[in-house]
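So the chains spell out like this:
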Amino acid sequence: MASEVYSEEQLNYFRVCHIATDILPQALRLLFKQEWDNHYKATLGEWKDTPHNGLDFKNGESLANQRRNARMLATMVNGDRAQWDCAMLFYAILFSDSIGHRLSPLIKTNVDDLRKFRNEDFAHMTEGQFSSADFRTTVAKVETVFRALGLSTVEIQTVSKQKSFPTDELQNVTTSNQKLTQDLQTKEAELQDRLKTTEQQRKVFEEQLQREVEPFCVLPPRPPHVIASRDCHVDKVTQKLFQLRKANENTLSYCYISGNPGSGKSQLAGLVAEKYYKEASKETNAPSFVMT
């Protein structure tokens, strides 16, 4: 079965889950300690997540509250806020006798807004999706409350701007791609170095060739009698050689001259070679070599 592809609306919901289940409890734990220390540091001592702190908190609750919240207090009495879930934290801050009755209206209102966010915008959603507009509205609401309470919004902003969800698998793929990219860049650099070296060697050889090698033209010996210039035949063979060279660039080309013995094949080849040598010497500074 193929892995499910999550929609943007589902990813928005996952982001809200992270805010509600990770970022929000951390903020509430800080806020509870802040309020406890404000009211009890001088009498009961600073909150240090000890069982002594937990017992002080429980003893500060009325018997009615202790009976009503016995299940939560069984965990809260250990004093370790890291073990307190959002329900415990909202009770401790909003509804406890120790803290709730001493809160300023501003803090009480804003913490209650966070409680409503968790219960209404998260816990009681009918489906695990958030439209982009609803997501922006929800995140903005939580950010506003955090600022009013003097809490950092950095993590919320990071989650709201996140475009993907990093996982070990994704990280491994990313790392593998980065390694392949680095290897490719290394190979390209090595290839460029080799090409550069080859080009440098070619230039050295070319300069050495031009400097140390003299052009030459070795033609068949001319007969003692006068020979015709045979311009028409020479042009025809030269044109054929040009066509062959153009069609077979960077390879050797061959043009065969056939005829009866004594028909002047060698002399025609010599005339063609002589013409080619003269033209090549004019067209390029590189040495030209002709031999028949």
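Located above this text is the structure these notes cover.
Residues numbered from 1 in each chain as written. Predicted model: local features only at pLDDT ≥ 70, side-chain atom pairs only at ≥ 80, totals over all residues. Heavy atoms only, no water.

A tally of helices and strands in the protein yields 11 helices and two strands. A globule of 292 residues ought to have a C-alpha radius of gyration of about 19 Å, yet the protein, at 45 Å, is considerably larger. Referenced to the eigenvectors of the C-alpha coordinate spread, the extents of the protein come out at roughly 140 × 40 × 35 Å. A sequence separation of at least 24 residues applies to 66% of the contacts in the protein between residues at least 6 apart. Counting every atom, the protein has about 19,800 Å² of accessible surface; 54% of that belongs to carbon and sulfur. Between the mean site of the 37 positive side-chain charges and the mean site of the 38 negative ones, the protein shows a separation of 4 Å. (Helix = DSSP H or I, 4+ residues; strand = E, 2+ residues; numbered from the N terminus. Rg over C-alpha atoms; globule rule 2.2 N^0.38 Å. Contact = heavy atoms within 4.5 Å. Areas by Shrake-Rupley, 256 points an atom, 1.4 Å probe, with all protein chains shown as cover. Lys, Arg positive; Asp, Glu negative; His and termini not counted. Charge placed at Lys NZ, Arg CZ, Asp CG, Glu CD.)

So, about a nonpolar patch on the surface. Judged by side-chain polarity, Phe216, Val218, Phe289 and Met291 come together as a nonpolar surface patch covering roughly 370 Å² of accessible area. Broken down by secondary-structure element, the contributors of at least two residues to the nonpolar patch are strand E1 (216-218) and strand E2 (289-291). Locating Phe289 in the fold gives a position in strand E2. Overall, the relative accessible area of 36% leaves Phe289 in the partly exposed class. (Patch = residues over 30% accessible without salt bridge, like charges linked within 9 Å, V, L, I, M, F, W, Y side chains within 5 Å. Salt bridge = Lys/Arg side-chain N within 4 Å of Asp/Glu carboxyl O. Buried < 20%, exposed > 50% of the residue type's maximum accessible area, 1.4 Å probe, protein only.)

Our next topic: helix H6 (residues 105-123). Two residues of an α-helix separated by three or four positions point the same way, owing to the 3.6 residues in each turn. Given a rise of 1.5 Å per residue, 19 residues ought to cover 27 Å, and the 25 Å separating the end C-alpha atoms of H6 matches this to within 8%. Of the residues making up H6, those classed as buried are Ile107, Asn110, Val111, Asp112, Leu114, Phe117, Asp121 and Phe122. (Expected span 1.5 Å × (residues − 1).)

Let's shift gears to the environment of Ala92. Inspection of the secondary structure puts Ala92 in helix H5 (residues 86-95). On a C-alpha basis, the gap between Ala92 and Met76 in space is 9.1 Å, while along the polypeptide they are 16 residues apart.

Throughout the structure, instances matching the rule amount to 10 aromatic pairs. Summarising the aromatic geometry, the rings of Trp47 and Trp84 are spaced 5.7 Å apart at their centres and angled 70° between planes, so their arrangement reads as edge-to-face. Taken together, the residues span a long stretch of sequence, with Trp47 in the loop between helix H1 (8-40) and helix H2 (51-59) and Trp84 in the loop between helix H4 (70-76) and H5 at a distance of 37 residues. Ring centres 6.1 Å apart and planes at 45° place the aromatic pair Phe57 and Trp84 in the tilted group. Highlighted residues: Phe57 in helix H2 and Trp84 in the loop between H4 and H5, separated in sequence by 27 residues. With respect to burial, Phe57 and Trp84 carry one shared label: buried. (Phe/Tyr/Trp six-rings, centres within 6.5 Å; stacked < 30°, edge-to-face > 60°.)

So, about the packing of helix H7 (residues 132-148) against helix H8 (residues 154-161). Axis separation between H7 and H8 bottoms out at 10 Å; the angle between their running directions is 170°. The angle between the axes of H7 and H8 places the two elements in the roughly antiparallel class. Only Ile156, Gln157 and Ser160 of H8 make contact with H7, whose side of the interface consists of Phe135, Val139, Val142, Glu143, Phe146 and Arg147. In the contact of H7 with H8, the residues fall into five nonpolar, two polar and two charged. (Axes fitted to C-alpha atoms, helices over the stretch in contact; angles between N-to-C directions. Parallel < 35°, antiparallel > 145°, perpendicular 65-115°, else oblique. Nonpolar A, V, L, I, M, F, W, Y, C, P; charged D, E, K, R; others polar.)

This part takes up the environment of Asp134. Following the sequence through the fold, Asp134 ends up in helix H7. Classification of Asp134 as partly exposed rests on a relative accessible area of 44%. Expressed as a C-alpha distance, the spacing of Asp134 and Glu9, which sit 125 residues apart in the sequence, is 9.6 Å.

Time to look at the pattern of salt bridges. Here the structure, examined in full by the defined rule, presents 10 salt bridges. Linking Glu8 and Arg15 is a salt bridge whose minimum nitrogen-to-oxygen distance equals 3.5 Å. The partly exposed category is assigned to Glu8, whose relative accessible area is 41%. We classify Arg15 as buried; its relative accessible area is 2%. Residues joined in a network through salt bridges with shared partners are Lys33, Asp37 and Glu46.

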